[in-house]
Amino acid sequence: MIQSRYGRTPSRKKRDRRILWGLGGIFVLVLGAWVVWTGLDGASTQIEARDIGHTIIDAHSVSVTFEVALPVNRTASCAVQALNESYSVVGWKIIDLPASTLYNRSFTEILRTTDLSNTGLIYQCWLT
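**A closer look at the overall build of the chain**
No. 1: Broken down by element type, the chain carries two helices and six strands.
No. 2: Along its sequence from the N terminus, the chain presents helices and strands in the succession α-α-β-β-β-β-β-β.
No. 3: Taking 2.2 N^0.38 as the reference for a compact globule, 128 residues should give roughly 14 Å; the C-alpha atoms of the chain span a radius of gyration of 29 Å, well beyond that estimate.
No. 4: Counting only C-alpha atoms and orienting by the principal axes, one finds that the chain spans roughly 95 × 40 × 20 Å.
No. 5: Residues classed as buried in the chain amount to 27% of the 128 residues present.
No. 6: For the chain, contacts bridging at least 24 residues in sequence account for 64% of all contacts bridging at least 6.

See the structure below:
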């Protein structure tokens, strides 16, 4: 009598267990879907670019050296930029990278600038 008065009947315990098992099942399904989505979405086709250095040639040109890691036998394009002291873009160039059997490659490009630059950077790379 007291058990039923406070909602602790056997049928309520069964219902609570079913709800917990259902919530646990939903959690496992969501977790499994997330693992599949993040693990099998083609993350192996990522591209990474890293600045190596730059050399100011004169008031209207800068040499930029960068390294790119991309999947073997894939082509890519990279945008290289030159910035002045106030971080304004004074030079910009898109470079097409040919396919290669090497994963890591280094490139040096000369950018023409509209003003004296103080740095040259890789802006972004993408697979083509």
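So that's the structure; there's more coming.
**Focus: the sheet that holds strand β5 (residues 104–112)**
What links the strands of a sheet is backbone hydrogen bonding, and the strands pair in either a parallel or an antiparallel sense.
No. 1: The strand order across the open sheet built from three strands is β1-β2-β5, with neighbouring strands paired in antiparallel fashion. On the outer flanks of this sheet lie β1 (48–58) and β5, each paired with one strand and no other. Pairs of neighbouring strands in the sheet enclose a mean axial angle of 20 degrees, with direction left out of account.
No. 2: Bridge analysis of strand β2 (residues 61–69) against β5 gives nine bridges, and the strand direction is antiparallel. Its bridge partner lying in β5, Ser-63 is registered against Ile-110.

**Some remarks on the sheet that holds strand β3 (residues 76–83)**
No. 1: With respect to topology, three strands assemble into an open sheet ordered β4-β3-β6, the strand pairing being antiparallel. The outermost strands of the open sheet, each flanked by one partner alone, are β4 (89–97) and β6 (119–127). Along the sheet, successive strands turn relative to each other by an average axial angle of 20 degrees, direction set aside.
No. 2: Pairing between β3 and β6: eight bridges, direction antiparallel. Residue pairing for β6: Ala-79 is matched across the bridge by Gln-124.

**Remarks on unusual backbone geometry**
No. 1: You will see that Asn-73, though not glycine, has its phi angle at about 60 degrees, which is positive.
No. 2: Inspection of the secondary structure assignment puts Asn-73 in the loop between β2 and β3.
No. 3: A relative accessible area of 53% places Asn-73 in the exposed class.
No. 4: Phi angles above zero are rare outside glycine, and Tyr-87 is one such case at about 65 degrees.

Reading the values: rules and limits
Residues numbered from 1 in each chain as written. Predicted model: local features only at pLDDT ≥ 70, side-chain atom pairs only at ≥ 80, totals over all residues. Heavy atoms only, no water. Helix = DSSP H or I, 4+ residues; strand = E, 2+ residues; numbered from the N terminus. Rg over C-alpha atoms; globule rule 2.2 N^0.38 Å. Buried < 20%, exposed > 50% of the residue type's maximum accessible area, 1.4 Å probe, protein only. Contact = heavy atoms within 4.5 Å. Pairing = 2+ DSSP bridges. Axes fitted to C-alpha atoms, helices over the stretch in contact; angles between N-to-C directions.

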